[in-house]
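The chain contents come next:
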Amino acid sequence: MSSRRIALEPSNRGKPGDSRDNRAKRSDPQARSERVPRNRRLFGDWLAVRLAQIGIVAIVLCAWQFAPVALLDDTLASRPTLIAAQIFKWLTIGVLQQEAWFTLCAVAVGLLAGGLAGIGAGMLAGTMPMLGRLIEPPVKFLFALPKIAFVPLFIVWFGIGLFQETIFTAIVVFFFFFYSSFNGARSVPAALSNMLILAGGSQWQRVRLLYLPASVGWLLAGLRLAIPYAFVSAVSAEVISSQHGLGNLVKSSASVMDPAGMFAAMFFLLLVSVSVSGAVLILGGRSRWSV
Amino acid sequence: MNAAISSLVPERSVRPDPHRQPVAIAFDQVSKGFRSHGRVTQALENVSLEVRRGAFVSLVGPSGSGKTTLLNLAAGLLRADAGRLEYGGANLTGPNTQVGYLTQDDALLPWRSVLANVALPLEVRGVGRPERLAAARRIIARVGLKDFEKHFPAQLSGGMRKRVALARTLVYHPETLLLDEPFSALDAQTRLVIQKQLRELVGELGLTVLLVTHDLHEAIALSDTIVVFSRRPARILETFEVPQPAGRDILRPRAADEQIYLKIWDLLADDSDLSDA
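Source: prediction; values computed, not measured.

The rules behind each value
- Residues numbered from 1 in each chain as written.
- Chains lettered and ligands numbered in written order.
- Predicted model: local features only at pLDDT ≥ 70, side-chain atom pairs only at ≥ 80, totals over all residues.
- Helix = DSSP H or I, 4+ residues; strand = E, 2+ residues; numbered from the N terminus.
- Buried ≥ 20, exposed ≤ 12 C-beta atoms within 10 Å, placed from the backbone.
- Contact = placed C-beta atoms within 7 Å.
- Nonpolar A, V, L, I, M, F, W, Y, C, P; charged D, E, K, R; others polar.
- Pairing = 2+ DSSP bridges.
- pLDDT = per-residue confidence, 0-100.
- Axes fitted to C-alpha atoms, helices over the stretch in contact; angles between N-to-C directions.
- Parallel < 35°, antiparallel > 145°, perpendicular 65-115°, else oblique.
- Left-handed = near helix turned anticlockwise from the far one by under 90°.

**Side note on the overall build of chain A**
Here is step 1 of the chain: The helix and strand tally for chain A stands at 14 helices and zero strands.
Here is step 2 of the chain: Of the regular secondary structure in chain A, the N- to C-terminal order runs α-α-α-α-α-α-α-α-α-α-α-α-α-α.
Here is step 3 of the chain: Here chain A holds 291 residues, and the buried ones make up 29% of them.
Here is step 4 of the chain: Partitioning the contacts of chain A with sequence separation of at least 6, the portion at a separation of at least 24 is 75%.

As structure tokens, then:
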């Protein structure tokens, strides 16, 4: 929000035809009334976009709800009202909350473990050129490999359940954090690093005081990508084989031909995933750390 | 080490005669080349140079003539291919933590305030928080930025950032300053102010200085000795002594300076075939 205001300010200043008094008022924080017309127009734009979005969603939902059976078979596609009823029912008996908790646990622990491992490996590879040249190619190959192919193997190794799911999630998000911190560390100018070397800084001090803070912007960008992927991988693992989680709820509903249940689980998943991403985006949006 | 940092530096108004001081940095037949794309570019070839303690030595010469390489060697950031490099009478084998290095790049951390940037080298050396902040405040006040301690680098002008970088370099009391065209990105006015400030600080702290510059006027105004380098691979063409009487205004040009300026110019022009053009 604040960045939007800053971006608009230069055009606001010193417009032709402004009297000196007006300009003086504008720079005076107490004379905010000068800005109201512009803010009102901004608010108008915002409102128009939001109304259009709500309208589109309403049209899609209405079409879904009232489409003739010949076009949309509700035993396959369900209806919004049936889905809403299913969500309400599951919420009252706590099914959605319980399954979402499982998925969230896998996502959170996976992000934490994969994040720490990725940042650690990326920092090592980014700050030690020889090591970087050694481990970057294999990481690149593994990154290109569809990780979902590992799930059957992980099931053999770790069994079905939260552990397998968490490890899979951690491995998927590892790469985002690896590349964020690797690139972040490598983008640090040599002059900064030399300065710390001559000041007597150890490798660890250079990482802590220079490379890590310099990578915060990169890591936040990586985190923004990693969160949706963490949900995707946790749910994928649940769909393939699990007895818990929203993914399992989607799969078990589909397997008993219950599209309302499937969509209910999916909508709730969407809600959880978007709220988590949104919360992180808001937290990360304030950062200004970069070299 | 820590005791040296926290102790007050003796104020010295009259610089001792550099020729009587022990040798601080000694290059003995030093060569250094860089390999890239299978070809070796020789930056320095058999360079011998002695810098005495407390001397202000400028290195001038065509760009790409290995002057920066010489500073990087003195800082211990590079290893010589051949020859000996001694610092303070001992062979230099790793990063030289007795030197402060200031380049054209300010190398300030944008997420740290001026105070935190200046205190950083002391933080690295394990000096306690109150001590290092006090030392940083002292040196910030000395370079004239007392009111800007809480500012961030992005909020400062180029000249102010340069002074912050200078303060950070001086905060851990290095014996030697290595300066690689530190003022070339500044406007003429700011440059003069900082040059004067630098010369005063160097005198006060009794620092040894190696300054790489393309600005012959800067070299003549600031230094006791000017070393003129040839084109790559760099050899030393000639060394000039510049008399610097105590208490003179370094910003004020002298008639004698013009003589040295012309000599150096002719020397460089001969070397780079400028005279034929």
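Anyway, onward from the coordinates.
**Notes on the overall build of chain B**
Here is step 1 of the chain: Along chain B, the regular secondary structure elements total eight helices and ten strands.
Here is step 2 of the chain: The C-alpha extent of chain B, read off along each of the three principal axes, is 60 × 45 × 40 Å.
Here is step 3 of the chain: For chain B, the proportion of its 277 residues judged to be buried stands at 40%.
Here is step 4 of the chain: Long-range contacts, defined as pairs at least 24 residues apart, comprise 72% of the intrachain contacts of chain B with a sequence gap of at least 6.

**Here's the deal with the interface of chain B and chain A**
Here is step 1 of the chain: If you look at the interface, chain B gives 17 residues, while chain A gives 17 residues.
Here is step 2 of the chain: Elements supplying a minimum of two residues to the side of chain B that touches chain A: strand 6 (99-102) and helix 3 (114-124) of chain B.
Here is step 3 of the chain: If one sorts the elements of the side of chain B that touches chain A by residue count, helix 3 of chain B sits on top with three residues.
Here is step 4 of the chain: Among the residues making up the side of chain B that touches chain A, the classes are represented as twelve nonpolar, three polar and two charged.

**A few points about the sheet that holds strand 5 (residues 90-91) of chain B**
Residue and element names in this part refer to chain B.
Here is step 1 of the chain: Across the sheet, four strands lie side by side as 2-1-4-5; this open sheet has antiparallel pairing. Strands with a single pairing partner mark the edges of an open sheet, and in this sheet they are strand 2 (39-52) and strand 5.
Here is step 2 of the chain: Across two bridges, strand 4 (residues 82-87) lies against strand 5 in antiparallel orientation. Residue Tyr87 lies in a different strand from strand 5, and its bridge partner there is Ala90.

**Concerning unusual backbone geometry**
All names here are of chain A.
Here is step 1 of the chain: You will see that Met257, though not glycine, has its phi angle at about 55 degrees, which is positive.
Here is step 2 of the chain: Tracing the backbone through its elements, the reader meets Met257 in the loop between helix 13 (245-255) and helix 14 (259-285).
Here is step 3 of the chain: By C-beta crowding, Met257 is classed as exposed, having 10 other C-beta atoms within 10 Å.

**Let's talk about the confidence of the model for chain A**
Here is step 1 of the chain: On average, residues of chain A carry a pLDDT of 83, and 85% of them reach 70 or more.
Here is step 2 of the chain: Low pLDDT, under 50, characterises residues 1-33 of chain A; the predicted model gives this stretch eight contacts beyond four residues in sequence or across chains.

**Remarks on the packing of helix 8 (residues 151-158) of chain A against helix 9 (residues 162-186) of chain A**
All names here are of chain A.
Here is step 1 of the chain: Across the interface, helix 8 lies against helix 9 with an axial gap of 9 Å and an inter-helix angle of 135 degrees. What the angle tells us is that helix 8 and helix 9 run oblique. As for the relative orientation of helix 8 and helix 9, their crossing is right-handed in sense. Of the residues in helix 9, those touching helix 8 at Val151, Phe154, Ile155 and Phe158 are Phe163, Gln164, Ile167 and Phe168.
Here is step 2 of the chain: In terms of residue class, the contact of helix 8 with helix 9 is made up of seven nonpolar, one polar and no charged.

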